[in-house]
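Coordinates in review
Each chain, letter by letter, is given below.
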Amino acid sequence: MTAIMFIAVGKAQSDDHYVGADLIVFNAKITTGSLSQPEASALAVKRGRIYAVGTDAEILSLKDNNTRLIDASRRRLIPGLNDAHVHVLNERSYNYNVRWDGVPTLQRALEMLSEQAKRTPEGQWVKVIGGWSPYQFKENRFPTLEEIRKAVPDRPLIVQYAYNRAYLNELAMKAFGVGTERFPETPETEFEKDNEGHYSGIMYSNTFTFVGMENVTPQASFDEQVNSLIYVINDLNRFGITMVVDGGSVSGYPQGHTPLEILARENRLNIRFPFIDLQFGDVSSATLVDAEITAITKKFPISPRENIHPTMAHGHEYEGTGELLRMALHDHENFDRPAIIINKDSMRQYIEEDITKLVKKRIPFRMHISYNENITPFLDALENVNRKIPFDGLRWSIEHAETITPENIERVKKLGGGIALDDKMALHGDGFIKTYGREKALQTPGLRRLVDSGIPLCMTTDGFRASSFNPWIGISWMITGKSVSGSEILARDNRLSRDEALKLYTTGPAWFEQQEYENGRIIPGYLADFVLLSKDYFTIPDDEIKTISSVLTIVDGRVVFGAHEYNNLAPKLPETLPVWSSIKYFGGYYGSK
């Protein structure tokens with residue numbers, strides 16, 4: 001009887017139709033991130049997950065008539081990059097902006113303004129809102145007022161550098177109401193004046209002033225917002241980014257997420273999108289934390305780590321609150337000016353009040369703190385809360401932390417937190433040197449010390465305004481120690497190997513999203529997010545690392561971006577809205593058009 005059963009089972013199995021891989025990529029140089037199998041030449045994908053990794057012969061044996069085959073042509077394949085702190089939803093008017101990201105000369109940047117001014121209709125502005133640095137230009141300087149006014153004589157113009165300064169022409173100053181009650185002067189805002197005492201058009205300020213100014217300029221229509229997000233995400237995919245954590249939007253959940261939800265429903269959200277929520281502007285609650293708790297428990301109920309994408313794992317997932325917990329505790333990160341030091345007693349009092357509420361509700365949190373002087377009282381407050389109400393594994397992190405000391409690194413680690421660095425020093429480190437000196441810059445941040453500490457750690461871009469959204473600029477800086485100007489701003493003993501730097505954009509961010517066992521590596525069971533690179537990251541000269549981009553980006557087993565020989569595999573982008581958008585003519589990054 002037993003023999004008959006074996007025969008019957010064997011016959012049933014042989015009659016079953018073999019179901020092969022959905023996608024196979026072969027003839028690749030795969031960096032897996034796995035210690036047990038560090039390299040391979042092929043991988044297979046099924047239902048949005050990697051299910052086999054090995055040699056070409058092993059993996060090609062898993063195909064059937066429905067399997068999509070992609071020949072990698074011996075290109076380097078790496079896990080998809082994960083930017084765990086970037087502000088995508090703030091770019092719903094992305095298509096309204098001229099992007100200077102990657103532009104090599106100031107001359108070309110000014111020409112772009114002039115060309116865009118000629119096609120910008122009356123009633124609209126010409127805008128450059130962050131993402132660039134004067135140190136990236138061959139001329140190694142800022143534009144002058146005369147240059148930008150000559151470039152754009154008859155449309156309102158704002159050229160914003162990070163959250164540090166802005167250049168305005170006369171039409172923009174009039175529209176903003178500069179010098180009137182419509183633009184009240186605040187202690188952190190300073191306007192340059194000419195010899196006659198008139199405002200020149202150059203202003204210096206901090207984050208909230210610039211955010212408010214941007215909201216005064218013409219905003220994109222709803223269809224233009226959806227279109228802008230498509231192009232934002234495509235530009236992230238262009239550099240191999242397959243997952244982001246939106247680090248907080250000026251328009252909170254769910255209203256600010258409506259354009260994104262349309263893309264998710266139509267299966268056009270080509271990036272995984274965990275998000276941190278901030279109920280910015282809610283005047284009905286006493287604090288931002290109170291507003292967040294009310295929003296997610298009463299108004300728009302959603303639980304931490306709840307995914308609301310209809311089909312894609314971690315496709316649109318709530319990750320908690322931050323990075324702004326109280327406006328009064330925000331220390332910004334303007335490297336052109338001395339550090340903003342928050343009153344220690346205020347930091348301890350407010351943070352203890354706010355974090356107590358979040359820990360009781362088990363809501364993960366993040367806190368923007370750039371300077372160690374502010375990190376110390378922040379940790380004092382967290383330690384007091386933890387003694388009363390243990391964090392008990394609740395994920396939390398400090399964002400940026402440029403000047404954190406070894407002592408405070410250990411305190412964060414002991415409290416179970418992580419540190420999400422950013423690569424702004426790659427773009428703005430030359431300004432940091434002018435403010436603080438080269439000796440301090442060479443150890444800012446303390447990359448080697450942070451990596452060796454074993455603390456949960458990742459690198460982020462903090463794009464699109466405070467810095468560029470291109471992660472390869474930061475990866476290059478971590479390895480070479482050089483800023484975009486070519487100057488040395490990281491000491492040799494404070495640099496990372498190529499493997500270490502890559503991990504800060506792959507396995508490192510996974511901790512912050514509680515995805516350590518399914519994201520950041522090319523391993524069976526992990527998310528099918530990976531990238532074919534334009535150049536071999538592990539073999540090219542150091543000075544070429546910053547020029548890397550993707551030729552093929554895969555998210556959830558789907559091709560979302562293709563270039564060169566893979567261009568025809570990528571989904572077609574819709575026509576750019578509005579028709580006069582600078583993105584249509586220049587793209588979102590230099591050289592992409």
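Structural data are supplied above this passage.
As a starting point, this report considers the structure included with it. (Residues numbered from 1 in each chain as written. Predicted model: local features only at pLDDT ≥ 70, side-chain atom pairs only at ≥ 80, totals over all residues. Heavy atoms only, no water.)

1. A closer look at the overall build of the protein
Broken down by element type, the protein carries 19 helices and 23 strands. Its C-alpha radius of gyration of 25 Å places the protein within 12% of the 25 Å reference for a compact globule of 593 residues. In terms of overall dimensions, the protein has C-alpha extents of about 105 × 60 × 50 Å along its principal axes. Across the 593 residues of the protein, 61% fall into the buried class. Put simply, of all contacts in the protein between residues at least 6 apart along the chain, 74% involve residues at least 24 apart. (Helix = DSSP H or I, 4+ residues; strand = E, 2+ residues; numbered from the N terminus. Rg over C-alpha atoms; globule rule 2.2 N^0.38 Å. Buried < 20%, exposed > 50% of the residue type's maximum accessible area, 1.4 Å probe, protein only. Contact = heavy atoms within 4.5 Å.)

2. Points about the sheet that holds strand β12 (residues 190-193)
Taken together, the five strands give an open sheet; going across it, the order is β9-β10-β11-β13-β12, and neighbouring strands pair in mixed fashion. Since the sheet does not close on itself, it has two edges, and those belong to β9 (126-129) and β12, each with one partner. Adjacent strand axes in the sheet meet at a mean angle of 20° when their direction is disregarded. Here four bridges tie strand β10 (residues 157-161) to strand β11 (residues 165-168), and the two strands are oriented antiparallel to one another. Within the sheet, the bridge partner assigned to Ile-158 lies in β11 and is Leu-168. (Pairing = 2+ DSSP bridges. Axes fitted to C-alpha atoms, helices over the stretch in contact; angles between N-to-C directions.)

3. Let's talk about unusual backbone geometry
Here the bond from Tyr-253 into Pro-254 is cis, since omega is 0°, no more than 30 degrees from zero. As for its placement among the helices and strands, Pro-254 is situated in the loop between β14 (241-246) and α8 (258-265). Of note, the bond from Gly-463 into Phe-464 is cis; its omega dihedral lies within 30 degrees of zero at 20°. Looking at the secondary structure, you find Phe-464 in the loop between β20 (457-460) and α16 (471-480). Phi is positive for Ser-73, close to 55°, though the residue is something other than glycine. Non-glycine residue His-332 carries a positive phi angle of around 55°. You can see His-332 is positioned in the loop between β16 (316-321) and α10 (344-361). Look at His-332 and you get buried, because its relative accessible area is 8%.

4. Overview of the side chain of Lys-127
Tracing the backbone through its elements, the reader meets Lys-127 in strand β9. The buried category is assigned to Lys-127, whose relative accessible area is 1%. Here the side chain of Lys-127 touches Thr-217 through a polar contact of 3.2 Å, side chain to side chain. Setting aside chain neighbours within four positions, we find Lys-127 in contact with Tyr-96, Asn-97, Val-98, Ile-158, Glu-214, Thr-217 and Pro-218. (Polar contact = N/O pair within 3.5 Å; in protein donor to acceptor, adjacent residues only side chain to side chain.)

5. A closer look at the pattern of salt bridges
Tallied over the entire structure, the rule returns 38 salt bridges. Close ionic contact of Arg-49 with Glu-518 constitutes a salt bridge, the shortest N to O distance being 2.9 Å. Of this pair, Arg-49 sits in strand β5 (residues 49-54) while Glu-518 sits in the loop between α18 (507-512) and β21 (530-533), placing them 469 residues apart in sequence. When its relative accessible area of 15% is taken as the criterion, Glu-518 is described as buried. A salt bridge links Arg-99 to Asp-101, with the nearest nitrogen and oxygen atoms 2.9 Å apart. Both residues of the pair, Arg-99 and Asp-101, belong to the buried class. In the salt-bridge network here, residues are joined through shared partners; they are Asp-345, Arg-348, Asp-380, Glu-383 and Arg-411. (Salt bridge = Lys/Arg side-chain N within 4 Å of Asp/Glu carboxyl O.)

6. Quick look at the environment of Asp-246
Residue position: Asp-246 is located in strand β14. Among the residues examined, Asp-246 registers a relative accessible area of 1% and is labelled buried. Expressed as a C-alpha distance, the spacing of Asp-246 and Glu-319, which sit 73 residues apart in the sequence, is 9.4 Å. With sequence-adjacent residues up to four places away left out, Asp-246 is seen in contact with Val-86, His-87, Val-88, Leu-89, Phe-273, Pro-274, Phe-275 and Ile-276. Within the local environment of Asp-246, its side chain forms a polar contact with the backbone nitrogen of Val-88, the two atoms lying 2.8 Å apart.

7. What to know about the packing of aromatic side chains
All told, the structure shown has 29 aromatic pairs when counted by the stated rule. Each ring, one from Phe-469 and one from Tyr-589, has its centre 5.8 Å from the other, and the planes form 75°; the classification is edge-to-face. Of this pair, Phe-469 sits in the loop between β20 and α16 while Tyr-589 sits in the segment after α19 (582-586); the two residues are 120 residues apart in sequence, bridging distant segments of the chain. Here Tyr-589 falls in the buried class, since its relative accessible area comes to 11%. Three or more aromatic residues link up through ring pairs in this structure, and these residues are Trp-100, Trp-132, Phe-137, Phe-142, Tyr-161 and Tyr-167. Against the face of Tyr-585 rests Arg-119, its NZ or CZ located 3.7 Å from the ring centre. (Phe/Tyr/Trp six-rings, centres within 6.5 Å; stacked < 30°, edge-to-face > 60°. Lys NZ or Arg CZ within 6 Å of the ring centre and 35° of its normal.)

8. As for helix α13 (residues 424-436)
Over its 13 residues, α13 runs only 15 Å from end to end, short of the ideal 18 Å by more than 12%, given 1.5 Å per residue. The sharpest bend along α13 measures roughly 50° and falls at Asp-430. Counted residue by residue, α13 has ten buried out of 13 residues, so it is predominantly covered. On its buried face, α13 sits against β10, β18 (396-400), β19 (418-422), α14 (438-441) and α16. (Expected span 1.5 Å × (residues − 1). Bend = angle between axes of the 7 residues up to and from the residue.)

9. Thoughts on the packing of helix α11 (residues 372-388) against helix α12 (residues 406-414)
A packed helix pair is summarised by two numbers, namely the angle formed by the two axes and the spacing between the axes. Contact pair α11 / α12: the axes reach a minimum separation of 10 Å and the direction vectors enclose 30°. The orientation of α11 relative to α12 falls into the category roughly parallel. Between α11 and α12 lies a crossing whose hand is left-handed. In contact with Asn-372, Ile-375, Thr-376, Leu-379, Asp-380 and Glu-383 of α11, α12 contributes Asn-408, Arg-411 and Val-412. Looking at the contact of α11 with α12 residue by residue, the class counts come to three nonpolar, three polar and three charged. (Parallel < 35°, antiparallel > 145°, perpendicular 65-115°, else oblique. Left-handed = near helix turned anticlockwise from the far one by under 90°. Nonpolar A, V, L, I, M, F, W, Y, C, P; charged D, E, K, R; others polar.)

10. So, the pairing of strand β4 (residues 42-46)
Extensive coverage of β4 is indicated by the burial of five of its five residues. Bridge count between β4 and β5: five bridges; the pairing is antiparallel. The residue of β5 that forms the bridge with Val-45 is Ile-50. Connecting the antiparallel pair β4 and β5 is a turn made up of two residues, with Arg-47 showing a positive phi of about 55°.

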